[in-house]
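Residue-level structural notes
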Amino acid sequence: MSSPESVYTRGVIREGKKPDELVSVIMAGVHGNEPAGRKAFDLVVPDLTIKNGKVIFIYGNPRAMAEGTRFSQGGANLNGMFKDDADLSVRERSSYEYDRAQELKPTLLSSTALLDVHGTANPDSVPFVIAEPGKPLAIARHLPYDIISSGYDEQQPGGTDHFMNKHGRVGICCETGPNGHEHSVPKAVESIRTFLQIRGHIEGETEPRDNQKHIRVKGMHRAKDTFTFREPFPEFAPVEKDEVIGTDGSNTITASDKGYLIFTSQLIVPPGDEAFLFGQDAPLR
Ligand SMILES: [Zn+2]
C-alpha cells in the first residue's frame, strides 16, 4: 500500500554520466486509482542502471494513491491543474491537487521529457499513447502501442503532457489499459524501459513499431441533454460518415465524417458532461 510518505512522493533519482545534460521524468499515480505505473516503478527502479543523464521517478498524486481514488477526497483532477491560474476556478485553486501541481512543476521543468503512466477504470478500454506530432510522436513510434492519439492539448488542456509541450519539452502520456488487467503492468514496464532506451538513459536499441495508427482528436460532443449511445462502443470504435452514434435528448447524433469514437465508457451521459471525443486518421509524424 502506498502512503503519502513514499520516497516517490519527492522523487527517486537515478543517474549516470553527465546527469545534468539529459534529464527525464517518469510519473505514476497522477490518478490515484490507476496502479500500473506504481507497480511498474517497483519492478523497474530498484535494479535500474542508468548509463547517461538523470531520471526522476515521481508519484503524481500520493494522497489520492493512498485513498485509492482518482482525486483526493474533496479534491480535483491533477491532470487539469497544469493550466494558468486564470483558467482554474477558486475551488480548483484551493484543492490539494493544485498545490501538488505547483510542487511538481519545477521537477517537470528541470527535465526535457516526461513519460506519464496512466491506466483506466474502463474495463473495455484498449492501451494507447498520447503524443502530439513532432518530437513526442517520434518517441511514441517506438512505444508498445498500436494507437498513438493526439489533439488532447486543445480538447483537454491542463495535463502534465500539455504542460511539458507548452514549455517546449516533450510530454507523453501512456494509457496502459484497464486497471488490474494482466497486461497493464507489463505494458507500463515496457513503456518505461523503451522510453529510457530512446532517450539514451539505458542500454538497448529500439525500432519504430509496425502497424501503428495515429488518431487525432478533432472534436468533442458535450451532452446538451441526456446523451445515450446507440450501443456500447469500444474505445476507438470506427464509425462511418452519417452513422448514428446516439441520441442527445430528442436529437439524433451522427458522425460528421469517417472516424473513431474515443472515451465512450459511459453508455448514458448526464447533461453537461463530455459524451465522447471524435478522432480521425492522421500521418505518423
Ligand atoms: Zn489517468
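Here goes a summary of the coordinates provided. (Residues numbered from 1 in each chain as written. Predicted model: local features only at pLDDT ≥ 70, side-chain atom pairs only at ≥ 80, totals over all residues.)

**What to know about helix α9 (residues 184–198)**
- With 15 residues, α9 extends 21 Å between its outermost C-alpha atoms, agreeing within 8% with the 21 Å of an ideal straight helix rising 1.5 Å per residue.
- Of all 15 residues making up α9, eleven are buried, and the element is well covered by its neighbours.
- Those residues of α9 that fall on the buried side of the exposure criterion are Ser-184, Val-185, Lys-187, Ala-188, Val-189, Ser-191, Ile-192, Thr-194, Phe-195, Leu-196 and Ile-198.
- Along its buried surface, α9 packs onto β2 (23–28), α2 (36–44), β3 (54–59), β4 (113–120), α6 (135–140) and β7 (170–178). (Helix = DSSP H or I, 4+ residues; strand = E, 2+ residues; numbered from the N terminus. Expected span 1.5 Å × (residues − 1). Buried ≥ 20, exposed ≤ 12 C-beta atoms within 10 Å, placed from the backbone. Contact = placed C-beta atoms within 7 Å.)

**Focus on the sheet that holds strand β9 (residues 227–229)**
- The four strands lie next to each other as β12-β11-β9-β14, forming an open sheet whose pairing is antiparallel. On the outer flanks of this sheet lie β12 (251–254) and β14 (268–269), each paired with one strand and no other. (Pairing = 2+ DSSP bridges.)

**Focus: the sheet that holds strand β13 (residues 259–262)**
- Pairing is mixed in the open sheet, where eleven strands are placed in the order β1-β3-β2-β4-β7-β5-β6-β8-β15-β13-β10. For this open sheet the edge positions go to β1 (12–15) and β10 (237–239), each flanked by a neighbour on one side alone. Neighbour to neighbour, the strand axes of the sheet diverge by 30° on average, direction disregarded.
- Two strands pair when backbone bridges link them, and β10 and β13 are joined in this way by three bridges, in the antiparallel orientation. From the neighbouring strand, Ala-237 faces β13, where its bridge partner is Leu-261. (Axes fitted to C-alpha atoms, helices over the stretch in contact; angles between N-to-C directions.)

**Topic: the pairing of strand β6 (residues 147–150)**
- Of the two faces of β6, the one lined by Ile-147 and Ser-149 and the one lined by Ile-148 and Ser-150 are each fully buried.
- Two strands pair when backbone bridges link them, and strand β5 (residues 128–130) and β6 are joined in this way by two bridges, in the parallel orientation. Bridge pairing in β6 links Ile-130 to Ser-149.
- In this fold, the crossover linking β5 to β6 by way of α6 has right-handed handedness.
- Relative to strand β8 (residues 213–222), β6 runs parallel, the two sharing four bridges. Across the sheet, the residue bridging to Ile-147 is Lys-213, located in β8. (Right-handed = clockwise from strand over helix to strand, strands pointing away.)

**As for the environment of Leu-114**
- In this fold, Leu-114 is placed in strand β4.
- A C-alpha to C-alpha distance of 16 Å links Leu-114 and Met-81, two positions 33 residues apart in sequence.
- Apart from the residues within four sequence positions on either side, Leu-114 is in contact with Val-25, Met-27, Leu-108, Thr-160, Asp-161, Met-164, Val-170, Gly-171 and Ile-172.

**Observations concerning the nonpolar core**
- Core analysis: the biggest nonpolar cluster contains 72 residues, and Ala-40, Leu-114, Val-117, Val-129 and Ile-172 have the highest contact counts within it.
- The dominant element in this core, judged by the number of residues it contributes, is α9, at seven residues.
- Looking at this core, you find at least three residues from each of domain 1 (7–198) and domain 2 (218–282).
- Residues within four places of Ile-172 in sequence aside, it is in contact with Leu-114, Leu-115, Val-129, Ile-130, Ala-131, Pro-136, Ile-139, Ala-140 and Asp-161. (Core = buried A, V, L, I, M, F, W, Y, C linked by C-beta atoms within 7 Å. Domains from an automatic or database assignment.)

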